[in-house]
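# Structural characterization, general
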Amino acid sequence: YPPIGLSARPVLDLYLFDPSGQPVRGAAIEIIYDMLSMAHGPFQPPTIEQESGHYLTSLELLMFGPWGMEIEILEPTGTAPVRLRIVVVVELPEE
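These notes cover the structure that comes with them.

What counts as what
- Residues numbered from 1 in each chain as written.
- Predicted model: local features only at pLDDT ≥ 70, side-chain atom pairs only at ≥ 80, totals over all residues.
- Heavy atoms only, no water.
- Phe/Tyr/Trp six-rings, centres within 6.5 Å; stacked < 30°, edge-to-face > 60°.
- Helix = DSSP H or I, 4+ residues; strand = E, 2+ residues; numbered from the N terminus.
- Buried < 20%, exposed > 50% of the residue type's maximum accessible area, 1.4 Å probe, protein only.
- Pairing = 2+ DSSP bridges.
- Axes fitted to C-alpha atoms, helices over the stretch in contact; angles between N-to-C directions.

Applying the stated criterion across every chain, the model contains three aromatic pairs. Ring centres of Y33 and F43 lie 5.1 Å apart, and the angle between their planes is 20°; this geometry places the pair in the stacked category. Placement of the pair is Y33 in strand β2 (residues 28-35) and F43 in the loop between β2 and β3 (48-51), with a sequence separation of 10 residues. On the accessibility criterion, F43 (19% relative accessible area) is buried. Members of the aromatic cluster, connected to one another through ring pairs, are Y33, F43 and W67.

Written out as structure tokens, the structure is:
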């Protein structure tokens, strides 16, 4: 375990810019994810600012199938948080 052939340990790169195109520094980003068809978590990996406006986190997707992800971004300016919900599907690699 994980299943043979699964190597889905992707790195998620997030680049944040304000409406004028300037990088957003010092944002707090919370990511919570879990498999939709079979609970394994939830997982909440740390997100680290690499450089101005560039944030990085690692995901551990343990099985093939759909994973639901909620991302919340809090800007240091105190504006309302930005919330995103996405689905990531891990599939068998094509041979």
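What follows is about the sheet that holds strand β4 (residues 54-58). With antiparallel pairing, three strands are arranged side by side in an open sheet as β1-β4-β3. The outermost strands of the open sheet, each flanked by one partner alone, are β1 (11-15) and β3. With strand direction ignored, the average angle separating the axes of adjacent strands in the sheet is 30°. With three bridges joining them, β3 and β4 adopt antiparallel strand pairing. Note on β4: the bridge partner recorded for E51 is H54.

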